[in-house]
Amino acid sequence: MTDHAAVDPVGAPGAPAPPEDVTPPDSALADTVLERLTEVYPAAGNPFRAQEMVAYMKGVAPFLGVRTPERRALSRTVLDGTPRPDERDCAAVALRCFALPEREYHYFAVDYLRRHVKRCSSGFLPVAHRLVTTVSWWDTVDHLAAHVVGPLVAADPSLADRMDEWIGDDDLWVARTALLHQLRFKEDTDADRLFSHCLRRSADTDFFLRKAIGWSLREYAKTAPAEVRAFVAAHEARLSPLSVREALKNL
């Protein structure tokens, strides 16, 4: 068995990967979905609630003011009778939603991809990268990491090499995605890669990266508590107190 406590980082944070050339493809399904969506969502908006949402999300984007339970009910109405999408449709819907300013459209896109990610191949990863780097904040990035990027990597393990690139990216949200993409892998977690990624970003002072390190370790600790405990003990001096506290919270 590999001594995970001794795993060391490979390389260090570096320059960001070149931007992906991603253009929304033509899609009749996306035309239908966006037409319905942009009629139904605004009609249910609440300007006063929207102001509260903007404040809560630190002004990352404007909101229509539609709460999550109502939004998801409206989404079912929007999608009623529509066919199952293929990868092209998924890309078109997601990219066009993220091109709209209000945050609820971004949430719709994330929910849509979570539902249909199994219809997407490894070629969808550039679209996921574009979404992670568009109006980036934890409310969309974390779901994209765990429920879109993670399943893509699980379905095509060769994409793990891309995660080794993403972890070194100067964009903290791309790096956070690499840290969190294995959140749901449980016993299929590549522990060597997880620990290496944590160490590669352990010197970062950014809250969101430190929190992600701790969160990813805490989640893996549900499957392999002894290995996480040993890793933290071996590298506690390099990990931030926040990362250590989060990693050991349930141990």
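The model shown is predicted, which means the values in this text are computed figures rather than measured ones.

## Details of the pattern of salt bridges
- All told, the structure shown has 14 salt bridges when counted by the stated rule.
- Two residues, Arg-193 and Asp-190, come together in a salt bridge whose shortest N-O distance is 2.8 Å.
- We note a salt bridge from Glu-246 to Lys-249, for which the minimum N-O separation is 3.3 Å.
- On the basis of relative accessibility, which here comes to 48%, the residue Lys-249 falls in the partly exposed class.
- Where salt bridges share partners, they join Asp-161, Asp-164, Asp-190 and Arg-193 into one cluster.

## A word on unusual backbone geometry
- Its identity is not glycine, yet Val-135 carries a phi of approximately 50°, on the positive side.
- Looking at the secondary structure, you find Val-135 in the loop between helix 6 (125-132) and helix 7 (138-155).
- The partly exposed category is assigned to Val-135, whose relative accessible area is 31%.

## Brief notes about the confidence of the model for the protein chain
- Mean pLDDT over the protein chain stands at 93; residues scoring 70 or higher make up 92%.
- Within the model, the stretch residues 1-19 combines pLDDT values under 50 with 40 contacts to residues more than four positions away or in other chains.

## Describing the nonpolar core
- Membership of the largest hydrophobic core comes to 80 residues, with the highest contact counts inside it found for Phe-108, Phe-124 and Leu-217.
- If we ignore the near neighbours within four places in the chain, the residues touching Phe-108 are Val-33, Leu-37, Tyr-41, Arg-71, Ser-75, Val-78, Leu-79, Val-93 and Cys-97.

## A closer look at the packing of helix 6 against helix 7
- Between helix 6 and helix 7, whose axes approach to 10 Å, the crossing angle comes to 170°. The angle between the axes of helix 6 and helix 7 places the two elements in the roughly antiparallel class. Contacts between helix 6 and helix 7 involve Leu-125, Ala-128, Leu-131 and Val-132 from the former and Val-141, Leu-144, Val-148, Val-149 and Leu-152 from the latter.
- Taken together, the residues of the contact of helix 6 with helix 7 sort by class into 9 nonpolar, no polar and no charged.

## Some words on a positive patch on the surface
- Together, Arg-114, Lys-118, Arg-184 and Lys-186 line one region of the surface with positive charge.
- Position of Arg-184 among the secondary structure elements: in the loop between helix 9 (172-180) and helix 10 (191-200).

## Side note on the packing of aromatic side chains
- The full count for this structure, using the stated rule, is 10 aromatic pairs.
- Aromatic side chains Tyr-41 and Tyr-105 sit 5.7 Å apart centroid to centroid with 15° between the ring planes, which places their arrangement in the stacked category. One end of the pair, Tyr-41, is in helix 1 (residues 28-43); the other, Tyr-105, is in helix 5 (residues 103-116), with 64 residues separating them in the sequence.
- Overall, the relative accessible area of 0% leaves Tyr-41 in the buried class.
- Judged by its relative accessible area of 3%, Tyr-105 falls in the buried class.
- Plain terms: the ring middles of Phe-207 and Phe-208 are 5.4 Å apart, the flat faces sit at 80° to each other, and that makes the pair edge-to-face.
- Given a relative accessible area of 46%, Phe-207 falls into the partly exposed group.
- The structure contains a cluster of three or more aromatic residues connected by ring pairs, namely Tyr-41, Tyr-105, Phe-108 and Tyr-112.

Conventions and cut-offs
Residues numbered from 1 in each chain as written. Predicted model: local features only at pLDDT ≥ 70, side-chain atom pairs only at ≥ 80, totals over all residues. Heavy atoms only, no water. Salt bridge = Lys/Arg side-chain N within 4 Å of Asp/Glu carboxyl O. Buried < 20%, exposed > 50% of the residue type's maximum accessible area, 1.4 Å probe, protein only. Helix = DSSP H or I, 4+ residues; strand = E, 2+ residues; numbered from the N terminus. pLDDT = per-residue confidence, 0-100. Contact = heavy atoms within 4.5 Å. Core = buried A, V, L, I, M, F, W, Y, C linked by side-chain atoms within 4.5 Å. Axes fitted to C-alpha atoms, helices over the stretch in contact; angles between N-to-C directions. Parallel < 35°, antiparallel > 145°, perpendicular 65-115°, else oblique. Nonpolar A, V, L, I, M, F, W, Y, C, P; charged D, E, K, R; others polar. Patch = residues over 30% accessible without salt bridge, like charges linked within 9 Å, V, L, I, M, F, W, Y side chains within 5 Å. Areas by Shrake-Rupley, 256 points an atom, 1.4 Å probe, with all protein chains shown as cover. Lys, Arg positive; Asp, Glu negative; His and termini not counted. Charge placed at Lys NZ, Arg CZ, Asp CG, Glu CD. Phe/Tyr/Trp six-rings, centres within 6.5 Å; stacked < 30°, edge-to-face > 60°.

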